[in-house]
Amino acid sequence: MDLPLPSNGLPNRWNLGLHWGLCSGPGCHVRDNLLKCGACRVVLYCGPAHQRADRPSHKSSCGLVKTAREELAREEAALRARPGDQFLSENPFETARGQFWLMTPTRPYLRKRHDLTATLLNIKTGDAVEDALEHSLDMLQLNPSDNQGVRGQVPGLYLRLGKDQEAYDFIKWYAAVGSAEDYQWGNPDSPFLNLHDEDIFEPVDVHIEKLMDLSFLACLTNLKIRLLLDLRMLDRESKKPANRNASFDKKMEWVREHAISDVLYKRREIVEMSDWTELIATLEDHAKKLFNRVNKRNKHYWPALRAPERWAAAMPVPYGIGSPQEINHVFRQTWYSWAECPPAMAMVRTWASSQ
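Throughout, residues of each chain are indexed from 1 in the direction in which the sequence is written. In view of the model being predicted, local features appear only for residues whose pLDDT reaches at least 70, and side-chain atom pairs are presented and counted only at 80 or more, with totals across whole chains, interfaces and linings using the full set of residues. Where side-chain values are given, they derive from all heavy atoms of the structure, hydrogens and water being excluded.

> Account for the overall build of the chain, with residues named and values stated.
Numbering goes from the N terminus for both helices and strands, where a helix is a DSSP run of H or I of at least four residues and a strand is a run of E of at least two. Scanning the chain for helices and strands turns up 15 helices and two strands. It is over C-alpha atoms that the radius of gyration is taken, and the globule rule equals 2.2 Å times the number of residues to the power 0.38. For 355 residues, the compact-globule formula gives about 20 Å, and the C-alpha radius of gyration of the chain, at 22 Å, lands near that figure. Dimensions of the chain, computed from the C-alpha atoms along their principal axes, are close to 70 × 55 × 40 Å. For the chain, the residues scored as buried account for 51% of the 355 residues in total. Within the chain, residue pairs in contact and separated by at least 24 positions form 62% of the contacts whose partners lie at least 6 positions apart. Accessible surface area values rest on a Shrake-Rupley calculation with a 1.4 Å probe, where residue burial reflects the displayed protein chains alone. Accessible area of the chain: about 17000 Å², with a carbon and sulfur share of 51%. Using a 1.4 Å probe on the protein chains alone, a residue whose accessible area is under 20% of its type maximum counts as buried, one over 50% counts as exposed, and one in between counts as partly exposed. Here, two residues are considered to be in contact whenever any of their heavy atoms come within 4.5 Å of each other.

The structure is reproduced here in structure tokens:
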């Protein structure tokens, strides 16, 4: 059966484990004419019967999201109605964009919006993750200095949605632009998150030392492994007797059926190759360098992926760089991007077990 295209327009999202585009009723696989839960707006049902059947498991998280949306709406309305004064100009969503946290009256709004992203991510659906990503990106536009640490969760959300290219562009911006000593964070006219379609095959050495966020390093490792798996898939399919001298269109059928990453959809020159051996070796080298960099940055991260039950319920606490407490925070930002891509998880666990 031909599956409909996901919201990113690419079928790779079907090869990930995130539940999306399906009725959330017990055992239901209906995809057509779905209705959103009116309260949380991020869970889909084929009809009232399955919504009632799912209510016992959905009720708690649904109520939290509904409440968080209402509280955010009140804060936003108050902020928009606030007259301008010495602390904050009128209509700050236009006049103070890029400097929100510096203006103290905006902080309750930012905190409520952060709370909403946290409650959304308690729901494991594509709509919830998309909504959380949209809020996270807009919060960064309002406050690029990111006093709330929003940026750490963004690459993992991109990966969960199968938007690997956008994850790479986001990470590279912080490595190539945001890390510059002369970047003017307080200037709302400074270019921000403006890299697009960067070369994901480029060497990692040029940026690896500039990335201090452990979540960025872990997600970049994940991203490179996904692409490595896709190239191995092309190599494997091309060696089948029936696929010798396959056309580009035929190879794209393999990509649509098997690819985890969205990158190959824009890289025709890669798909058209007849031998990926050298590129596979290069990507494996990139991935292992990143794996080792993560291990050097915090030796507790890879063991955490092998014992998720220990970290899943751990609450974030103040931490030092390289400490076990840092994993409490980073695990939440990255775990599902691994768990929803079992082949990548299996590869990195194999590497971790051989250490």
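> Give me the lowdown on unusual backbone geometry, citing residues and values where you can.
The phi dihedral of Arg-41 falls on the positive side, at around 70°, and the residue is not glycine. Examined against the element boundaries, Arg-41 turns out to sit in the loop between strand S1 (35-36) and strand S2 (44-45). In this structure, Asn-245 is a non-glycine residue whose phi angle is positive, near 60°. By the element assignment, Asn-245 lies in the loop between helix H8 (214-238) and helix H9 (248-258).

> Give a description of the packing of H8 against H9 that names residues and reports values.
Packed helices, taken two at a time, are described by the angle their axes make and the gap between the axes. Where helices are involved, their axes are fitted lines through C-alpha atoms of the stretch in contact, as for all axes, and angles between N-to-C directions lie from 0 to 180°. At a minimum axis separation of 10 Å, H8 and H9 run at an interaxial angle of 130°. As summarised for this structure, H8 and H9 are arranged oblique, according to the angle between their axes. Judged by the twist between their axes, the crossing of H8 over H9 is right-handed. Between H8 and H9, the residues in contact are Asp-230, Met-233, Leu-234, Glu-237 and Ser-238 and Lys-251, Trp-254, Val-255 and His-258, respectively. Along the lines of polarity and charge, the residues of the contact of H8 with H9 split into four nonpolar, two polar and three charged. Between 65 and 115 degrees an angle is taken as roughly perpendicular, under 35 as roughly parallel, over 145 as roughly antiparallel, and anywhere else as oblique. Should the near helix be turned anticlockwise from the far one by less than a right angle, the crossing is termed left-handed; should it be turned clockwise, right-handed. For this classification, the nonpolar set comprises Ala, Val, Leu, Ile, Met, Phe, Trp, Tyr, Cys and Pro, the charged set comprises Asp, Glu, Lys and Arg, and every other residue, Gly included, is treated as polar.

> So what's going on with the state of the cysteines? Which residues, and what values?
Each disulfide is one covalent bond, formed between the sulfur atoms of two cysteines. Note on terminology: pairs of cysteine sulfur atoms within 2.5 Å are recorded as disulfides. Under the defined criterion, the tally for this structure stands at zero disulfides. Here Cys-40 stays free of any disulfide, with the sulfur of Cys-37 as its closest cysteine sulfur at 3.8 Å. In this structure Cys-40 comes out as buried when scored by relative accessible area, which is 0%.

> Report on the side chain of Asp-169, specifying residues and quantitative values.
When you line up the elements, Asp-169 lands in helix H6 (residues 164-176). For the charge count, each Lys or Arg is scored as positive and each Asp or Glu as negative, with His and the chain ends excluded. Here, a salt bridge means any side-chain nitrogen of Lys or Arg that lies within 4 Å of a carboxyl oxygen of Asp or Glu. For the buried Asp-169, no salt bridge exists, and the shortest N-O distance to an oppositely charged side chain is 6.7 Å, to Lys-266. Residues contacting Asp-169, with those up to four places away along its chain left out, are Leu-195, His-196, Asp-197 and Glu-198.

> Account for the packing of aromatic side chains, with residues named and values stated.
Aromatic rings considered in pairs are described by the distance between their centres and by the relative angle of their planes. Think of it this way: a Phe, Tyr or Trp ring, Trp meaning its six-membered ring, pairs with another when their centres are within 6.5 Å, and the plane angle makes it stacked under 30 degrees, edge-to-face over 60, tilted otherwise. For the structure shown, the criterion picks out 19 aromatic pairs. Taking 4.7 Å as the distance between ring centres and 75° as the angle between the ring planes, the aromatic pair formed by Tyr-183 and Trp-185 counts as edge-to-face. What makes Tyr-183 buried here is its relative accessible area of 14%. The cationic tip of Arg-13 hangs over the ring face of Trp-20; the distance from NZ or CZ to the ring centre is 4.6 Å. A positively charged side chain is recorded as over a ring if its NZ (Lys) or CZ (Arg) lies within 6 Å of the ring centre. The angle to the ring normal must also be within 35 degrees. Against the face of Phe-93 rests Arg-80, its NZ or CZ located 4.1 Å from the ring centre.

> Provide a residue-level description of helix H4 (residues 126-142), including the pertinent values.
In this scheme, a helix's expected span is set at 1.5 Å multiplied by one less than its residue total. Across its 17 residues, H4 extends 24 Å between first and last C-alpha, which sits within 8% of the 24 Å expected from 1.5 Å per residue. All of the buried residues along H4 are Gly-126, Asp-127, Ala-128, Val-129, Asp-131, Ala-132, Leu-133, His-135, Ser-136, Met-139, Leu-140 and Leu-142.

> Can you tell me about the nonpolar core, naming the residues and giving the values?
The definition of a nonpolar core used throughout is a set of buried Ala, Val, Leu, Ile, Met, Phe, Trp, Tyr and Cys residues joined through side-chain atoms within 4.5 Å. With 107 residues, the main nonpolar core has Phe-201, Ile-225, Leu-231, Tyr-301, Trp-302, Leu-305 and Trp-338 as its most contacted residues. Setting aside chain neighbours within four positions, we find Trp-302 in contact with Thr-221, Phe-291, Val-294, Asn-295, Trp-338, Val-348 and Ala-352.

> Let's hear about the pattern of salt bridges: which residues, and what values?
Counted according to the given criterion, the structure contains 28 salt bridges. Note that Arg-69 is salt-bridged to Asp-131, the shortest N-O span being 2.6 Å. With Arg-69 in helix H1 (residues 48-81) and Asp-131 in helix H4, this pair connects stretches of sequence that are 62 residues apart. With respect to class, Arg-69 is no different from Asp-131; both count as buried. Of the charged contacts in the structure, one is a salt bridge between Lys-266 and Asp-197, with a shortest N-O distance of 2.9 Å. Here the residue Lys-266 occupies a position in the loop between H9 and helix H10 (268-271), and Asp-197 occupies one in the loop between H6 and helix H7 (205-208), the gap between them amounting to 69 residues. Each of the salt bridges in this network shares a partner with another, and the network as a whole consists of Arg-97, Arg-113 and Asp-138.

> Let's hear about the environment of Ala-39: which residues, and what values?
One can find Ala-39 in the loop between S1 and S2. Separated by 83 residues in the primary sequence, Ala-39 and Asn-122 have C-alpha atoms spaced 15 Å apart. Leave out the neighbours within four places in its chain, and Ala-39 touches Cys-62, Lys-66 and Arg-69.

> So, the packing of H8 against helix H11 (residues 277-297): which residues are in play, and what are the values?
Where H8 meets H11, the closest approach of the two axes is 9 Å, and the angle between their N-to-C directions is 155°. One finds that H8 runs roughly antiparallel with respect to H11. Two packed elements cross with a definite hand, and for H8 against H11 that hand is left-handed. Taken together, the residues of H11 that come into contact with H8 (itself represented by Leu-214, Leu-217, Ala-218, Leu-220, Thr-221, Lys-224, Ile-225, Leu-227, Leu-228, Leu-231, Arg-232 and Asp-235) are Leu-279, Ile-280, Leu-283, Glu-284, His-286, Ala-287, Leu-290, Phe-291, Arg-293, Val-294 and Arg-297. The residue inventory of the contact of H8 with H11, partitioned by class, reads 15 nonpolar, two polar and six charged.

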